[in-house]
Structures are given as structure tokens and as C-alpha cells.
Amino acid sequence: MADQLPEQRKRPSLSSDGSSLVEKIRYEKSWLHRHCSSVAMRDKKAKKSGQLFSGLLVMNVVFLGSALISSMIFNKVAITPFDVKVFLSLLMVLSSCWLLYYMLGTSRKPHAVLYRDVHAGAFWLRGSLVLFGTCSLMLAVFNIGFEVSRPGCESPINIIFPCLEIVFISLQTGLLWFYCKDCVQVQHTLTRYGLMLTLATDLLLWTLAVANDSIHEEIEYFSKSSNNQSSSCNCTGRYYCRVFYQGYLTLYPFNLEYNLIGCSMLYIMWENVGRRAAHHSTHILPRFRFHGVLFGPLLGIVVLLVGVCVFIFYQIRATSFTLTQREFVLYYGYHIALLPLMTMCSVAGTIIHSLEERQLDPHKNPTRSLDTILLLGSALGQFAISYYSIVAVVATDTRDLVNSLNLTNSVILIFQHIGQNIFIIEGLRKQPPGEGPPEGIKPRSTSIPSLRRASQIYLEAYSNLNWKRRAVKEIALFLILSNIILWIMPAFGLHPQFENGLEKKFYGESTWFAILNFGLPLAVFYRMHSVGGLLEVYLTA
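Each value, and the rule that gives it
Residues numbered from 1 in each chain as written. Predicted model: local features only at pLDDT ≥ 70, side-chain atom pairs only at ≥ 80, totals over all residues. Heavy atoms only, no water. Salt bridge = Lys/Arg side-chain N within 4 Å of Asp/Glu carboxyl O. Helix = DSSP H or I, 4+ residues; strand = E, 2+ residues; numbered from the N terminus. Buried < 20%, exposed > 50% of the residue type's maximum accessible area, 1.4 Å probe, protein only. Core = buried A, V, L, I, M, F, W, Y, C linked by side-chain atoms within 4.5 Å. Contact = heavy atoms within 4.5 Å. Axes fitted to C-alpha atoms, helices over the stretch in contact; angles between N-to-C directions. Parallel < 35°, antiparallel > 145°, perpendicular 65-115°, else oblique. Left-handed = near helix turned anticlockwise from the far one by under 90°. Nonpolar A, V, L, I, M, F, W, Y, C, P; charged D, E, K, R; others polar. Patch = residues over 30% accessible without salt bridge, like charges linked within 9 Å, V, L, I, M, F, W, Y side chains within 5 Å. Areas by Shrake-Rupley, 256 points an atom, 1.4 Å probe, with all protein chains shown as cover.

Novice: Please provide a residue-by-residue account of the pattern of salt bridges, values included.
Specialist: Following the criterion strictly, the structure yields four salt bridges and no others. Two residues, aspartate 182 and arginine 116, come together in a salt bridge whose shortest N-O distance is 2.7 Å. Linking aspartate 182 in strand 2 (residues 182-184) with arginine 116 in strand 1 (residues 113-116), this pair joins segments that are 66 residues apart in sequence. According to the relative accessible area criterion, aspartate 182 is buried, its value standing at 2%. We classify arginine 116 as partly exposed; its relative accessible area is 43%. For glutamate 327, the salt bridge identified is with arginine 326, shortest N-O distance 3.6 Å. Under the relative-accessibility criterion, glutamate 327 is labelled buried at 1%. Taking the relative accessible area as the measure of exposure, arginine 326 reaches 52% and is therefore exposed. In the salt-bridge network here, residues are joined through shared partners; they are Arg317, Arg326 and Glu327.

Put into C-alpha cells, the structure is as follows:
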């Protein structure tokens, strides 16, 4: 048999001899092991190549879109907003088609979803996605209303673009709500490319929103255009036009958050394509209960109410009067009082984490890895603003009251971000109560009675909150409420970095605005993402 394969020629023949039968069984096991190993290796290589080429797709699309947006900013004659919106409209159409195809086609194929990532799509993440998605839809409606309310000034692309946004946001929210935990086992290549295309669309929509201008500059532009009686394209004398525009400005921050949350959830789905989850965790996050926690929420509510009062007072003065030293002292004083307290709580929580009996979770968790990357990456925005402010103040005049408060606030912000990041990351790395036995409980056998006994001892040990778990919950709730108010202030237009004039004068107006347009959106996202991470730390403590 010259045409036989080498493995077939070496295969032992079956005979009555017992030794030949043993050799045959060993051969079959060895062949099966090699076959399974080769299949696993082939799947691994296919996954790596699929991730590589889909990653190259998103990189090229984002770079091309960013180049168009940057060109529009620096040369509005050669590259106009019309060109940018046409390009993004095409991306939204393609992404919407894939989103619809996945929900109606891919996900319904036989054996499409055999595994689901229990860690992906936490309820707070999906809830915030729906909240911000709803606000983004309202934002698009206000944008359409503003364009339509100016007869003779509306542009077709300015109406088509928000209409496509409504379709895109609706489909994406539906997919991420129902399918964000999927580990897709079919159509790997198409799914990876579709996810990356949608992610690139979200990133470019976020980049366009950030690059257009800050809310502060938009309000100034609006007030100036409203006073120009000779222009026929303003809202003078049209009350509903002003309502649409003010509604657009109010909902603007929610759209920025929606795009970034969508990017993070799409990335997790992309990581899970073709994944066969080896760790089938049965743990479900417990319901939100206070468990007797008192001091953290009370102190957090006080901080929240005081912050709202400071925010309202500052905004009234900023819109109706000229800002004086008093408003800056009030703003910086509030932050200088709050930030050290948050830092001390984070340090104390980290120390308590080190004293807890809970073990570190050794299993692969793409969601936890992404949360860590987003926390560290988004903190870079505030770091950049703080360090630039520190250099400007030290090089100018530290004896001035507002400058010294600005310097103190910038330094404390750096330490607060570092301490809070460590506390959240350490909390996310811990195994939740109920997953794995605590230290000292290691059954010598795997019999059912021994496992039941171990489970009973474990549940008794964690049935009531000890002082360490209670302290972590107190700290987490206080930090949640504190981060909420620190998100509200910059998200809705409280930007003393624009008004104090020091950094703008030191670096130049265009340079300082470029720094803020990079740092402020990341700083706002950091606060909202920290709230989600702290909530998970609270629930799993």
C-alpha cells in the first residue's frame, strides 16, 4: 500500500495478542491528543489573525476619520463639516446594517452562542448605556429641531446626520443590551469586522463631538450670534429655536459618555468572539442593599448637596455676571476640602483590602482587564490638565490667592486619582464572597459531604458583614456619591480652567484650549467610569 499515509503504515494491527490491543489503544489516544491539539492550535492562530486584521481595520478607519476632523478644524475651506458628516454618515449606515444583520442573522444561527461571559455587561453598565442612549436620542431630536427652526438656513446634511444617529444609537443600544454577553461561535471574521467598524464609528463620533468645541465656547458663540441682529440664521425672536439649542447644550455631555461606553462594550464582545469560556462562574452579583451601612451614604449625600449648591451659584454668576475672586475661591475651596477626604478613604480601603481573607480571582476576565485600562487611561486627561496648571502657576505667581488654590487643587487631584485607582483595581481583583473557599477551608477530598460541609462553613463565615466588609462598603458608597458630583460639575459646564485666565495667558489661547479639549472629556469619563467600578466593589465586598 504505497499510497498509505505514514501514520497509517505505523498503526498497529489488531490481533488476539493483548499487547497489540494495548498498543492500539495507546496509539488511538495519542492520535486523538495530537488531533485535538492541532485543532486548538489552528483555532488559536485563526483568532489571532482575525483580531489582527480587524484591529488594523479600526486603526485605519479611526486615523482617516481623525485626519478629516483635524483638517476641518485647521482648514475649513479644503475640508468642510459637510465632508466630515458625509464620511461619518457612511460609517453609521454600514454599522447599522451589520448591527441589524447580527441581531436577525448571526445570533439566530444554530450553535451561534454556546457560551456567555457572565462578567460582561454589568447591570450598571447596561443601565447607563440605556440612560445615555435615551439622552443621545433626545439630543439628536433637539438638533433636528434647531436646524428646522431656522428657515432658509438649514442644510440637508445637518438634518440627515442626526436622523442617521437616531437609527444607529437605537440599533446599537438594542444589540448591547441583549447580546453583550455573547461568545459567538459562528461567522468569526464577519463578526469581528462588524464590531470593529461599529467601535470605530463610536470613536469618531466622540472625536467629532470633542473637536467641535467645548460647551463653554458654544455658549459664548450662541450669545454672540443672538446679539447679531443682521444675521437671519440666529434664534433672535424665536423662542422654540432657543429651547432646542439650550436642550442640545444640556444633553451634550450624555452623548460623549454614550459613545465611550459603547466602545468599551463592543471591545468586550470582540474579545469574546470564538471564546470557549473555561471558567463557568455561577456567581451572580447580589442585589443592591445597604446592609446597615450608614456613615458613607450620609456623608456622601452631604457632599452631593453642598456640591449642587456650589454648582448652581457658580453657574448663575458665570451666565449673569462677571466672575470674581469669590466664585473661584468657592469652587477651589470645595474641591480642596473634598479631595483629601476621598484620598484618605481610598488609602484606608486599600489597606482593608490587603487584610481581607478573600483570594484574588485567577481566571481570565476581559471585562476586568478593560476596566483597569479605562481607569488608568482616562485618568491621563486630568493628569495632563493638573500638571500643565502646576507648571503655569509655579512659573507665574504662587502668592495670588486664586493661583495658590489652583495649585493646591491640581496637586491633590493627582493623589486622589492614584489612590482611587488602586482602591478600585484591588477591589475588582478580589473574588466575590461565594466563589471558592476562604483561607483555612480546603477539603481533603472532593466527596459531596465534604464539599457541602465546606460550603456551609463558608456561608456561615460570610453570612454577616464583618468590620472589614462593612468599612469597604461605607467607603465605596461615599466615593460613589462624591464622584457623581465631580462628574456633574464639569459635564454640565462648570469649567474654571477656561475662566481664570492664568493658563490661557501662560500657554496661549489655542494651546490651552487644545489641552482642555483633550483632557476634560477624559476627566469626565473617568468620574462616570469610577462610579461603575466602585458600585461593583460595593456589591462584591
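Novice: Outline the nonpolar core, listing residues and values.
Specialist: Counting residues in each nonpolar core, the largest one holds 122 residues, and the members touching the most others are Leu88, Leu175, Phe423 and Met489. Ranked by residues supplied to this core, first place goes to helix 8 (residues 239-272) with 17 residues. If near-sequence neighbours (up to four positions away) are discounted, leucine 88 is found in contact with Phe161, Leu204, Leu205 and Leu208. Phe498, Phe513, Leu516 and Leu520 belong to the second-largest nonpolar core, a separate cluster that totals seven residues.

Novice: An account of the packing of helix 3 (residues 81-104) against helix 5 (residues 156-179) is requested, with residue identities and associated values reported.
Specialist: For the pair helix 3 and helix 5, the least separation of the axes is 9 Å and the interaxial angle reads 30°. By the angle between their directions, the pair helix 3 and helix 5 is classed as roughly parallel. In this structure, the crossing between helix 3 and helix 5 has a hand that is left-handed. A class-by-class count of the residues in the contact of helix 3 with helix 5 yields 18 nonpolar, six polar and two charged.

Novice: Any details on a nonpolar patch on the surface? Residues and values, ideally.
Specialist: A cluster of nonpolar side chains, namely Leu52, Phe53, Leu56, Met59, Phe63 and Tyr193, defines an oily patch on the protein surface of about 570 Å² accessible area. Per-element tally for the nonpolar patch: the top contributor is helix 2 (residues 18-74), with five residues. Mapped onto the elements of the fold, tyrosine 193 is located in helix 6 (residues 188-212).

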